[in-house]
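Coordinate inspection notes
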Amino acid sequence: MKRIILLIAVALFFSCKKESVTEPEHHAKTLLKLSFYDEFTTNILDSVTFSVTDGNKTYTLTRDNPYVKGLPKGPVQARISKKGFITQDYKIDFTKRDTINDNIILKYDRFILDVPQDSLFASKNRKKFAFEVRRNSGFVIEKPEWVKVDTTAISKFMVKIDVTVLQHDGIQNRNGEIVFKHGESRRIIPVLQYRKNQIVTAYANVNERLSIELDMIDQFEGFPSISKLGDRCLSEIRYELVEGKKINFSTGCVNLLVPMAFKIMVKNKGGLDTLDFNVKFYDKKIDFNENRENYKYLTQTEPGKLYFSDDKQKKIGIIDIEDFLVEKKLNVAAVANQIVFNGYNKSYYLLSDDDKLRKINMQTGALSDAVTIPVDPINDHPQLPYTIPTSLVFNKNGLGFMVTLGNGISGNGYRTIDTKNNNKIGIPTELHQYDTQSADLLPNGVDFFFNTSYNSEYVEWNASSKKVSNFPGRLTVLHYKNWVFDDNNNLIDYNTKQTIASSLPFTSSVIDKSKELLYGWSYKDSQMFISQMDAKGNLIGRIPSYYYEFRLSLDGKYLIVNDEGRGDLYRVNTAVFKGKYKVEDWK
């Protein structure tokens, strides 16, 4: 009687396959409980390996812990294996239930083929694996198309197997299996081929040294190797963070207009990947290919446009700052030395190499309203008069102040042009005793001043009274509020003579008026920098550079930098001065 009851219990036990169970001590969303027997159903196996093929997760299940928790709420494809037994695939579905209790029977495996069971890892490059193994029978091979398998019989019981993973140029990792089959028996070798590791995001912070932060698409192993390319100078690479997918490093030899190139070697389980990384501090460049040294770049007079002139080819042109392209080139019927904007009548004037001052249409290049610069009978040399205008500045009332030169003679002269009064030319004889270096407007926008060539002084010239006053030192006017710099790098209010900030790190003539940010040249340890500071003298950022002419776009977004020696024009986003910024361009 007891034997009958025992047989009924066993029958009921094996008939409960995939029935729901309640396991109150576990609170996972899903719960799978498996019991394992050999093919005679007389032996309970001590442990098995349970692998979820979709999620690439592996569990070791034992008699004491036969549970798998937290599987996906839906169909699950798995594989159950144990040495000496035939590996079998296993499907379960948690769509309509949260818990499953199942019994698994494994058949003994009498096929011998001792191939490696661990994964083979390859980089994107072609890679070969070779091994010699025992076997007791023939087999067929199933594999992905990107894997090649060759076999060579060594003896009746030995075989050489060559596995070649082919070159991979795709953007995703490749997962596959090599399956050696004999009847129901299988030997499975997982194969993982990595895509080439690559940079996902890059950030730079430039000062005396350049700091780089890289985020890779895949995790790497060990320590990367980084080398700086090019022959400009050698600089130590300093590793600041190497972890997981992140590489932070720094280097010297920085220059504003010189890109820096690096070769980065990183390793994952599949092998080495070599990455090229380029960083530059300008975002766009215009290369003038003909007579480069003759192009002169002018300050904007309207947002988004920059005008230039070419004195050798008698041309002018317009640059679109946002696209940073030459929008138009125009021929001009006179040498185009310089173009000056008159805000009073919204007109442009061309300074040429003769004694004429002309209006110029910047859209067509047409010249009009030529005015002859008269000879100064008192101050000019009779044969070599100072009648060639070399610089011109207009006040808000339409009065222009010119510095003039004579052919083959030193010194200079002065002329005024009153565009409000029929282009009347004046000769301010009260300035004859001064030798000006540069002329500009005072903060009131009406009166003029100039810094002298040989004396450390500046001279103020009142446009209405013609009164002249000279002061010690030199002056730089910012054309913002009443701010000026003196020659001691003090920022002062010109009207009140009160100091706004004293002994600033550099003198500036370029200002972002909306943010009150100043740009100029500064020096440290014989190194030259283009620097940015606020009006209180706090240095925000600086980039090592050669001495280049530069302008600031009216919106304060870009520095336009002119490499006069090469004739190239660069656009530098001013964000590079403010610390870490995103690098958008790399190989």
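Residues numbered from 1 in each chain as written. Predicted model: local features only at pLDDT ≥ 70, side-chain atom pairs only at ≥ 80, totals over all residues. Heavy atoms only, no water.

Right, let's talk about the overall build of the chain for a bit. A count of helical and extended segments in the chain gives one helix and 50 strands. Computed over C-alpha atoms, the radius of gyration of the chain comes to 40 Å, more than 25% over the 25 Å expected from 2.2 N^0.38 for 587 residues, which places it beyond the range of a compact globule. Each principal axis of the C-alpha distribution contributes one length, and for the chain these read about 140 × 55 × 45 Å. Burial statistics for the chain: of 587 residues in total, 46% are counted as buried. Across the chain, contacts joining residues at least 24 apart in sequence account for 49% of those joining residues at least 6 apart. (Helix = DSSP H or I, 4+ residues; strand = E, 2+ residues; numbered from the N terminus. Rg over C-alpha atoms; globule rule 2.2 N^0.38 Å. Buried < 20%, exposed > 50% of the residue type's maximum accessible area, 1.4 Å probe, protein only. Contact = heavy atoms within 4.5 Å.)

Scanning all chains against the criterion turns up 30 salt bridges. Between Lys-580 and Glu-213 there is a salt bridge whose closest N-O contact spans 3.4 Å. Of this pair, Lys-580 sits in the loop between β49 (568-573) and β50 (581-582) while Glu-213 is found in strand β16 (residues 210-216), placing the two residues 367 residues apart along the sequence. By relative accessible area, Glu-213 is classed as partly exposed at 31%. Of the charged contacts in the structure, one is a salt bridge between Lys-356 and Asp-355, with a shortest N-O distance of 3.0 Å. Of the residues examined, Asp-355 reaches a relative accessible area of 24% and is grouped as partly exposed. (Salt bridge = Lys/Arg side-chain N within 4 Å of Asp/Glu carboxyl O.)

If you trace the five strands from one edge of the open sheet to the other, you get β18-β19-β16-β15-β50, paired in antiparallel fashion. With partners counted over all chains shown, the strands left at the sheet margins are β18 (238-243) and β50, one partner each. Relative to β16, strand β15 (residues 199-206) is paired through seven bridges, and the arrangement is antiparallel. The residue of β16 that forms the bridge with Thr-201 is Asp-215. (Pairing = 2+ DSSP bridges.)

The sheet built from three strands is open, its strands ordered β4-β1-β7 with mixed pairing. Of all strands in the sheet, those bounded by a partner on one side alone are β4 (67-69) and β7 (99-106). Averaged over all adjacent pairs, the angle separating strand axes in this sheet is 25°, with direction ignored. The pairing of strand β1 (residues 31-38) with β7 spans eight bridges and is classified as parallel. In the strand pairing of β7, Asp-38 is matched with Leu-106. (Axes fitted to C-alpha atoms, helices over the stretch in contact; angles between N-to-C directions.)

Turning our eyes to something else, we now look at unusual backbone geometry. Of note, Asn-422 is a non-glycine position whose phi angle comes to about 55°, a positive value. Inspection of the secondary structure assignment puts Asn-422 in the loop between β33 (409-418) and β34 (424-426). Phi at Ser-503 is positive, roughly 50°, even though this residue is not glycine. Mapped onto the fold, Ser-503 is located in the loop between β42 (499-501) and β43 (508-512).

Let us look at the side chain of Asn-342. With respect to the helices and strands, Asn-342 occurs in strand β27 (residues 338-342). A polar side-chain atom of Asn-342 sits 3.1 Å from a polar atom in the side chain of Thr-419. Residues contacting Asn-342, with those up to four places away along its chain left out, are Ser-347, Tyr-349, Phe-394, Gly-398 and Thr-419. (Polar contact = N/O pair within 3.5 Å; in protein donor to acceptor, adjacent residues only side chain to side chain.)

All right, on to a positive patch on the surface then. A contiguous patch of positive charge, built from Arg-126, Lys-128, Lys-148 and Lys-160, is present on the exposed surface. In this fold, Lys-160 is placed in strand β12 (residues 158-165). For Lys-160, a relative accessible area of 32% gives the class partly exposed. (Patch = residues over 30% accessible without salt bridge, like charges linked within 9 Å, V, L, I, M, F, W, Y side chains within 5 Å. Areas by Shrake-Rupley, 256 points an atom, 1.4 Å probe, with all protein chains shown as cover. Lys, Arg positive; Asp, Glu negative; His and termini not counted. Charge placed at Lys NZ, Arg CZ, Asp CG, Glu CD.)

Attention now goes to the packing of aromatic side chains. Inspection of every chain in the model, using the stated rule, returns 27 aromatic pairs. An angle of 45° between the planes, with centres 6.1 Å apart, marks the rings of Phe-401 and Tyr-414 as tilted. Of this pair, Phe-401 sits in strand β32 (residues 399-406) while Tyr-414 is found in strand β33, placing the two residues 13 residues apart along the sequence. Exposure remark for Tyr-414: the relative accessible area of 2% places this residue in the buried category. Within the aromatic cluster, the residues linked to one another by ring pairs are Phe-401, Tyr-414, Tyr-434, Phe-448, Phe-450 and Trp-461. Above the ring of Phe-529, the side-chain terminus of Arg-542 is found at 5.0 Å from the ring centroid. (Phe/Tyr/Trp six-rings, centres within 6.5 Å; stacked < 30°, edge-to-face > 60°. Lys NZ or Arg CZ within 6 Å of the ring centre and 35° of its normal.)

Turning next to the environment of Ser-235. You can see Ser-235 is positioned in the loop between β17 (221-229) and β18. Taking the C-alpha atoms as reference points, Ser-235 and Asn-495, separated by 260 residues in sequence, lie 49 Å from one another. Sequence-distant contacts of Ser-235, that is, excluding residues within four places in its chain, are made with Arg-209, Lys-228, Thr-251, Gly-252 and Cys-253. A distance of 3.1 Å separates a polar atom in the side chain of Ser-235 from a polar atom in the side chain of Thr-251.

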